[in-house]
Each structure stands twice: as structure tokens, then as C-alpha cells.
Amino acid sequence: MAQQSLTFKGVENADQVNRITTALMMLDGVESVEVGRHGADVDGRARREALIQAVKKLGLGIEVS
């Protein structure tokens, strides 16, 4: 199982963290996720680009890398 890290800029509250967590956990291949205001650690076999797109689709206006 691979681990990937994402970095966020602009996450301001717990609601956003919860929405990001849910979006990432719904992706095929994601085993576990730890999300905070500044980033996420994702375990599983999901592609990095799929993780980034899932966060961007939420329309929260945050930067993801």
C-alpha cells in the first residue's frame, strides 16, 4: 500500500476538512485518510491526480498540490 501526501492552502475550518476527508475516502483505492488544515496523508492505491481532482471538485477555492 502506497502513501501519498497532499498540501493545501486556504483550508479555514473543520467543515472543509470534513468535506475533503469524505471526498478522498469515497475514491476507489483509498484505504485511509488523515486530513488537516495544511494537507492530507492518503494510504492506498489511488492515483495522485485523482486525489487532487476530488478535492478541486468540491469547489472550496483552496490550492492543492
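Before any of the text, the structure's been laid out above.
Residues numbered from 1 in each chain as written. Predicted model: local features only at pLDDT ≥ 70, side-chain atom pairs only at ≥ 80, totals over all residues. Heavy atoms only, no water.

**Student:** I keep staring at the overall build of the chain and nothing clicks. Help me out?
**Tutor:** A count of helical and extended segments in the chain gives 2 helices and 4 strands. The order of α-helices and β-strands along the chain, N terminus first, is β-α-β-β-α-β. Taken over C-alpha atoms, the radius of gyration comes to 10 Å for the chain, in line with the 11 Å a tight globule of 65 residues would show. When each of the 65 residues of the chain is scored for burial, the buried share is 38%. Roughly 4,100 Å² of accessible area belongs to the chain as shown, and the carbon and sulfur atoms make up 44% of that amount. (Helix = DSSP H or I, 4+ residues; strand = E, 2+ residues; numbered from the N terminus. Rg over C-alpha atoms; globule rule 2.2 N^0.38 Å. Buried < 20%, exposed > 50% of the residue type's maximum accessible area, 1.4 Å probe, protein only. Areas by Shrake-Rupley, 256 points an atom, 1.4 Å probe, with all protein chains shown as cover.)

**Student:** What exactly am I supposed to notice about helix α2 (residues 48–56) here?
**Tutor:** Working note: α-helix, 3.6 residues per turn, so residues spaced by three or four point in the same direction. By the burial criterion, the buried members of α2 are L51, I52, A54 and V55. For α2, the angular spread of the buried residues around the axis is 160°, confining them to a single face. Looking at the buried residues of α2, the elements they touch are β1 (2–9), α1 (14–25), β2 (30–36), β3 (39–44) and β4 (63–64). (Arc of directions from axis to C-beta. Contact = heavy atoms within 4.5 Å.)

**Student:** Help me understand the packing of α1 against α2 in this model?
**Tutor:** A pair of packed helices is captured by two measures, namely the crossing angle of their axes and the spacing between those axes. Between α1 and α2, the shortest axis-to-axis distance is 9 Å and the interhelical angle comes to 140°. Between α1 and α2, the crossing angle belongs to the class labelled oblique. Crossing of α1 over α2 shows right-handed handedness. Contacts between α1 and α2 involve I20, A23 and L24 from the first element and L51, A54 and V55 from the second. In terms of residue class, the contact of α1 with α2 is made up of 6 nonpolar, no polar and no charged. (Axes fitted to C-alpha atoms, helices over the stretch in contact; angles between N-to-C directions. Parallel < 35°, antiparallel > 145°, perpendicular 65-115°, else oblique. Left-handed = near helix turned anticlockwise from the far one by under 90°. Nonpolar A, V, L, I, M, F, W, Y, C, P; charged D, E, K, R; others polar.)

**Student:** Quick question: what am I supposed to make of the sheet that holds β1 here?
**Tutor:** Across a sheet, strands are paired by hydrogen bonds formed along the backbone, either parallel or antiparallel in direction. Ordered in space as β2-β3-β1-β4, the 4 strands form an open sheet in which the pairing is antiparallel. The sheet is open, and its two borders are formed by β2 and β4, each paired with just one other strand. Both β2 and β3 contribute to a ladder of 6 bridges, which runs antiparallel. Residue pairing in the sheet places V30 in a bridge with G44 of β3. Docked against the sheet, α1 engages β1, β2 and β3, running at close to 165° with respect to β2. (Pairing = 2+ DSSP bridges.)

**Student:** Quick question: what am I supposed to make of the side chain of Q16 here?
**Tutor:** Relative to the helices and strands, Q16 is located in helix α1. By relative accessible area, Q16 is classed as buried at 11%. From its side chain, Q16 meets the backbone nitrogen of E12 in a polar contact 2.5 Å long. In this structure Q16 touches G10, V11 and L60, once residues within four positions along its chain are discounted. (Polar contact = N/O pair within 3.5 Å; in protein donor to acceptor, adjacent residues only side chain to side chain.)

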